Amino acid sequence: MESRSRHSSSPPSHSSIAARVQVPHAQAASTSLRQKSGRRGASVVTTPGGGRWGEHTRQLDGVYVDEGDWLVEWLAGGDGPGGTLASFVGQMTDAGIWSRRCPTWPEAAWRARLWSPCTRASHFVSTDCSDCSRPDEKRYGRTSSSPVRTCLDLDSDGGDKLQKDTTLNKRERFEDLMEERRQSSDLRYAMRCYTPVVYKELVPRTPSALRSVVLKSDSVQYVIKQLAKETGESPDIISDEAADILEKMGHSLRLSIVRFFAFTLSKIFKALFQRVHVNEEGIQKLHQAIQEYPVVLLPSHRSYIDFLMLSYIMYTYDLSLPVIAAGMDFMGMKIVGEMLRMSGAFFIRRSFGGDKLYWAVFSEYVRTILRNGDAPVEFFVEGTRSRTGKSLMPKLGLLNIAIDPYLVGEVFDMYLIPISISYERILEESLYARELLGVPKPKESTSGLLKARKILSENFGSIHVYFGQPVSVRSLATGILRRSHYNLLPRHIPRRPSGEVYRFLDALGHKIVALQQKNMVISPWVLMATVIIQNLPSLTLSDLTRQTLWLKTIAETFGAFIDWPDNVTPDKVICSSLALYHNIVKTIKDHIVLCQEDTQAKFTMENIFKHTVTTLMCASYRNQILHIFVRPALVAIAFQNAQSRRREDIFGYFSYLREVLSDEFVFLPGNLVKDFDEGLYLLMKSGAIQGSQVDLYISDKGNATISFLSVMFAPFLEGYQVICKYLLQQELTDDFTEKRFIDVFRNYAAELILRGAIKYNEVLSVDMQKNALASLVRLGAVEKLKIADGIICKVNKQTLGRVVDMMVPRMPVKNAAVARL
């Protein structure tokens, strides 16, 4: 056997390795899509001529192979059959024979690969691949006497190429679920064998058994006894109340309802979306994580589709269906609410207030599920759907409950899975825009759901679902948290998180949101929306194409993953996106304008709000990329407005802007210097700024980049300035509520827009107004006071005046006379 160990630090464990693979020649290049089985997460591989699941299959180390069309044998030591498939794969990997996907191999055959714990240990070679030199190796990658080969010959120059590209890029790691669904029966998919992997091979408890354990737990019984002492009521009455809370709250998973949803959602998703991309590498890691420790799924939240899509994906890949925290609003939906409960949802109040019993039952319910690994728990760390397209600040209450089993030592470790869900077009885009203008959110109802059927005729593009690397709570907490103080009190006694724990939770929540942002996929329309909204009221199609391509280059330089189609001309990409978003933009005489665009002479107060709806819809897509640009943009704005070009002055202004906008954008706590260095590095990397350790300068070609980034964030700075100035000369009483402020300010801002005194309509957004008020409270410019009727706000005009002065631009962008390195 020829040695293949030059890419490995250790030789193979056996003297010879060989594999014989028999595949019908007529079917080799058209192997059908794999079917997911339930046995330890293994895959079932079949061919068009093979039998269905369970008829002609046999198990080889957890991998189910169709005996009619596939035969995998392995020889270890050259003496005949021996070892296992896992050891064979291990020897392949140890020998340095890394597998690589052949670019010409059909998608269906690639997805039919045999999975193993090592993602590099699966290999197919195309029958049409020019890189596979010998005819008999073109099918199997080798002859019966030759060593196993990858698609690229490691003995040739291709070996260097393989070393330089040992991992697939993000786009290649995505698989389209809808492709398989469009080629096979939805009914067969829904009714297939579903046996998900479980935590430590434990048998999950039934919902009724789970409720019994929760009610009998020490923590719930302790609170019942305490409330009985405080109120004088009988413990039995309080116990009945706890049982009633749990009955209304708890999930009641039924496989029949899950199958119904699997069938129905297949029909709906095929109608709504062109493609649903999932990174299967993340699925494999999740598959392993579920078997090791309790798992918490933490997806981004942009649409009601999020939790339906995740459960659909988990069912598709034979993973345990998650138990999902849902608002009580859904429980009020006739029939649908109960069906959601039977598919894994449990319902909680939006606010618990001071209800100790409800808090005790809810927290113990979540802890019990995680402690015993009954199912993954899923909730949205942002708390609610983002109406703006930006990530929201993390909410820490449920996160605190979720990691409590680790903090008190009931589990050795637990995994948090950040999940990024990127929509090309969001179903609720117009509803979100109206809610941001103060229109009340429609109540969730079955009748409303039925009325929404008309959206099935719309095209909402593609979805990318990226399952991130499992985050070990133990790894993050080691050296930061001291859990010894939890031993000072019995575990069942309720306690508030200490300052140390709260800081850890805050950092953890921000880290999860940052990981979600990192793996977001940016569509071409996001770039186009950014360009369009900076060139209102209109720009030509050629200018849109040119600026979009320029922005694409900058975004990729800053680390964005742009889902730009291959082998398609830019003009076609632009026109395709314009057609998809026909409800936001239109073309008039080769000029791109917003659909509600009117001339200034026609503007009335009513038209202002109509126009703003479309503006906010367009802005919501631009907002999807702001996390990529926020750090370099704040450095650019600081460069324009600092007192000098000295690095320390620019850093000082950057730190002020970051503090002001910390409720608008997610920054990791304690990362001020790192954020500045990152922003400055990216500007230097793009060639926009040059300088030394002391002074910084705009390069000859950097003016365009600095100006573009500054204008990108101008709506937020202008909005905050207008809000601050309004509070300085407010017509409100000295003390006001947040609701009254928003109602009065909205009309004030609309009048300024009507007079042309404000450029950006985004100041009308309720989200911006609330974030600005929260920022002013944090800066001490506004004080919140608790009274009997609620919370009122009081303005500190002296502090607020300083905030306004700091936000006024002080100097324009100037070209550097000499660019210094």
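Look a little higher up for the structure.
Novice: Where do I start with the sheet that holds strand E24 (residues 782-787) in this structure?
Specialist: Two strands in a sheet stick together by hydrogen bonds in their backbones, pointing the same way (parallel) or opposite ways (antiparallel). Spatially, the 3 strands line up as an open sheet ordered E23-E25-E24, and their pairing is antiparallel. Here the strands that pair on one side only, and so sit at the sheet edges, are strand E23 (735-736) and E24. Summarising the sheet, E24 and strand E25 (residues 790-795) pair through 6 bridges and their orientation is antiparallel. Considered in E25, the bridge of Leu785 is made with Ile792.

Novice: What is the right way to look at the side chain of Asp176 in this model?
Specialist: Considering the arrangement of structural elements, one finds Asp176 in strand E7 (residues 174-176). Although Asp176 lies buried, it forms no salt bridge, and the closest oppositely charged side chain, Arg182, sits 5.1 Å away as judged by the N-O distance. There is a polar contact of 3.0 Å between the side chain of Asp176 and the backbone nitrogen of Val276. The contacts of Asp176, once residues within four sequence positions are left out, are Gln274, Arg275, Val276 and His277.

Novice: So what exactly am I meant to see when it comes to the packing of helix H17 (residues 429-436) against helix H24 (residues 605-622) here?
Specialist: In helix packing, the relevant descriptors are the interaxial angle and the interaxial distance, both defined with respect to the helix axes. At a minimum axis distance of 9 Å, the contact between H17 and H24 shows a crossing angle of 115°. It follows that H17 is roughly perpendicular to H24 by the angle criterion. Seen along the crossing, H17 lies across H24 with a hand that is right-handed. Mapping the contact onto sequence places Glu429, Ser430, Ala433, Arg434 and Leu436 in H17 and Val613, Leu616, Met617 and Tyr621 in H24. Taken together, the residues that form the contact of H17 with H24 break down as 6 nonpolar, 1 polar and 2 charged.

Novice: I keep staring at the packing of aromatic side chains and nothing clicks. Help me out?
Specialist: Note on aromatic pairs: each is described by the distance of the centres and the angle between the planes. Here the structure, examined in full by the defined rule, presents 32 aromatic pairs. Taking the centre distance of 6.3 Å and the plane angle of 70° together, the rings of Trp525 and Tyr621 count as edge-to-face. Of this pair, Trp525 sits in helix H21 (residues 524-533) while Tyr621 sits in helix H24; the two residues are 96 residues apart in sequence, bridging distant segments of the chain. With relative accessibility at 0%, the residue Trp525 sits in the buried group. For the pair Tyr653 and Tyr656, a centre-to-centre distance of 6.3 Å together with 50° between the ring planes defines the contact as tilted. Taken together, the residues Tyr653 and Tyr656, both in helix H26 (residues 647-660) and 3 residues apart, mark about one turn of the helix. Residue Tyr656 is classed as buried on the basis of its relative accessible area of 16%. Here a set of aromatic residues connected by ring pairs shows up, and it is made of Tyr189, Tyr194, Phe269, Phe273, Tyr312 and Tyr315. In this structure, Arg192 packs its charged tip against the face of Tyr315, placed 4.9 Å from the ring centre.

Parameters and conventions
Residues numbered from 1 in each chain as written. Predicted model: local features only at pLDDT ≥ 70, side-chain atom pairs only at ≥ 80, totals over all residues. Heavy atoms only, no water. Pairing = 2+ DSSP bridges. Helix = DSSP H or I, 4+ residues; strand = E, 2+ residues; numbered from the N terminus. Buried < 20%, exposed > 50% of the residue type's maximum accessible area, 1.4 Å probe, protein only. Lys, Arg positive; Asp, Glu negative; His and termini not counted. Salt bridge = Lys/Arg side-chain N within 4 Å of Asp/Glu carboxyl O. Polar contact = N/O pair within 3.5 Å; in protein donor to acceptor, adjacent residues only side chain to side chain. Contact = heavy atoms within 4.5 Å. Axes fitted to C-alpha atoms, helices over the stretch in contact; angles between N-to-C directions. Parallel < 35°, antiparallel > 145°, perpendicular 65-115°, else oblique. Left-handed = near helix turned anticlockwise from the far one by under 90°. Nonpolar A, V, L, I, M, F, W, Y, C, P; charged D, E, K, R; others polar. Phe/Tyr/Trp six-rings, centres within 6.5 Å; stacked < 30°, edge-to-face > 60°. Lys NZ or Arg CZ within 6 Å of the ring centre and 35° of its normal.

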